[in-house]
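Here is how the chains run, residue by residue.
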Amino acid sequence: MKRKRITELFPWLIPLRIWQRKLFFYLGMKLDGNHYTTAIPEKLLPIEVFSSGCPMYNKSTGFDMIYQENKVHNLKLAAAAIDHMLIRPGETFSFSLATRHADRREPYREGLTVIGGKLTTAPGGGMCQLSNLLFWVFLHSPLTVVERHGHGSKDFPEPPSDAPMGVDATLAEGWKDLKVRNDTERTFQLHIAFDQEKIYGYLYADRQDPLVYSISNGPVSYYRRQDALWEEVDVIQTLTDRKTGQTQSARTLYRNVCRIGYTLPEGTAIIEQ
């Protein structure tokens, strides 16, 4: 029999455990020697590196749409904390640190999130849509991904996006973060915008990069194992010379594996294991 965690035996300890994790989480960033981003000027840098947008509302969750409205509220609070933020040479961007006090004046609302492997609701739920978007934008630049965690499961179909499969970044304050470091001599800048239906992410720079970064998938496979359905796909980054259009390099960044918790389209090939 699997040994239970102390918080499973004594649930009243959970708030204390969360407080402890957050304390050491942010203390660790103060002591790790990295210089974290803080500067937020009014003006945007001149060169648009990459931009993307995706629908904010997902009608396929199986939950009341109020949680989608709440998610949009949460996204706008977090976006306001990082909009126009610079990532200068030698600096590291931490999503958790940059948005740590985004709800100081107005609290986050209940949105969808995964806790303990189960889809539920919690204050601040839905924030992963912003981290997913930022990760997708970051992959089109020379910024070094220091920390990224993929979702362990997908419980409902994702809204349409120009991002390929497996490009996501989940968050859990105190446990999981999205971090990128600027190891170049150029300065980058984030910009987040909204309209009635979509959220948009932009990355700007002070100078043009001689390379163009593109992201694609290798073959995707689905397999069933121990009564669970899994999706597996490679995420590939290709660098192309901006002037000549010739490919300079291509590499597999990672293999994304996640459990699928919804019915796939009819005719999808599934390997039984």
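Only a predicted model underlies this, so the values are computations on that prediction, with no experimental measurement involved.

*Asks:* Explain the pairing of strand β6 (residues 118-123) to me, please; I cannot follow it from the model alone.
*Replies:* Looking down a regular strand, the side chains alternate between one sheet face and the other. The pairing of strand β5 (residues 110-115) with β6 spans 6 bridges and is classified as antiparallel. The partner of Gly111 across the bridge, within β6, is Ala122. In this structure, the hairpin formed by β5 and β6 is closed by a connection of 2 residues, where Gly116 is found at a positive phi of approximately 60°.

*Asks:* Would you mind showing me how to read the nonpolar core here?
*Replies:* Across soluble globular proteins, nonpolar side chains show a tendency to be buried alongside one another. One finds Phe93, Leu130, Leu134 and Phe138 to be the most contacted residues of the largest nonpolar core, which totals 42 residues. Mapped by element, the contributors of at least two residues to this core are β2 (47-55), α3 (66-82), α4 (95-98), α5 (128-138), β10 (188-194) and β11 (198-205). The dominant element in this core, judged by the number of residues it contributes, is α5, at 8 residues. If we ignore the near neighbours within four places in the chain, the residues touching Leu134 are Ile82, Phe93, Phe95, Leu178, Leu190 and Ile192. In terms of nonpolar packing, the next biggest core, distinct from the first, is built from 5 residues, Tyr222, Leu229, Cys258 and Ile260 among them.

*Asks:* Looking at this structure, I do not really get the packing of α3 against α5. What am I missing?
*Replies:* When two helices pack together, their arrangement is given by the angle between the helix axes and by the axis-to-axis distance. The N-to-C vectors of α3 and α5 enclose an angle of 50°; their axes lie 9 Å apart at closest approach. Overall, the two elements α3 and α5 adopt an arrangement that is oblique. Counting all contacts with α3, which are made through Lys71, Leu75, Ala78, Ala79 and Ile82, the residues of α5 involved are Gln129, Leu130 and Leu134. For the contact of α3 with α5, a count of residues per class yields 6 nonpolar, 1 polar and 1 charged.

*Asks:* Explanation requested: the state of the cysteines in the structure shown.
*Replies:* Structurally, a disulfide amounts to a covalent bond that connects the sulfur atoms of two cysteines. Taken as a whole, this structure holds 0 disulfides when the rule is applied. Among the cysteines around Cys128, which has no disulfide bond, Cys54 carries the closest sulfur, lying 12 Å off. Take Cys258: it sits in no disulfide, and the sulfur closest to it among the cysteines is that of Cys128, at 13 Å. For Cys258, a relative accessible area of 2% puts it in the buried group.

*Asks:* Looking at this structure, how should I read the sheet that holds β2?
*Replies:* Working definition: the strands of a sheet are paired by backbone hydrogen bonds and lie parallel or antiparallel to each other. With antiparallel pairing, 4 strands are arranged side by side in an open sheet as β2-β11-β10-β3. Either end of the sheet is taken by a strand with one partner, and the two such strands are β2 and β3 (86-87). Examined bridge by bridge, β10 and β11 share 7 bridges and lie antiparallel to one another. Along β11, the bridge assignment pairs Phe194 with Ile199. With respect to the sheet, α3 is in contact with β10 and β11, its orientation differing from that of β10 by roughly 150°.

Cut-offs applied
- The numbers attached to residues start from 1 for each chain and follow its sequence in the written order.
- The model is predicted, so local features are restricted to residues of pLDDT at least 70 and side-chain atom pairs to those at 80 or more, both for listing and for counting; the totals for chains, interfaces and linings are taken over all residues.
- Hydrogens and water are ignored here; the side-chain numbers use all heavy atoms of the structure.
- Pairing between strands requires that DSSP locate at least two bridges from one strand to the other.
- Put simply, DSSP H or I for four residues or longer makes a helix, DSSP E for two residues or longer makes a strand, and each gets a number counted from the N terminus.
- Note on terminology: a nonpolar core comprises buried Ala, Val, Leu, Ile, Met, Phe, Trp, Tyr and Cys residues joined through side-chain atoms within 4.5 Å.
- Only protein chains enter the accessibility calculation, which uses a 1.4 Å probe; a residue whose area is less than 20% of its type maximum is buried, one above 50% is exposed, and one in between is partly exposed.
- Contact definition: two residues touch when any of their heavy atoms are within 4.5 Å.
- Fitting a line to C-alpha atoms yields each axis, with helices limited to the stretch in contact; the angle taken between N-to-C directions then spans 0 to 180 degrees.
- By the definition adopted for this analysis, an angle is roughly parallel if under 35 degrees, roughly antiparallel if over 145, roughly perpendicular if from 65 to 115, and oblique otherwise.
- Each residue is assigned to one class: nonpolar for Ala, Val, Leu, Ile, Met, Phe, Trp, Tyr, Cys and Pro, charged for Asp, Glu, Lys and Arg, and polar for all the others, Gly among them.
- Note on terminology: disulfide denotes any pair of cysteine sulfur atoms within 2.5 Å.

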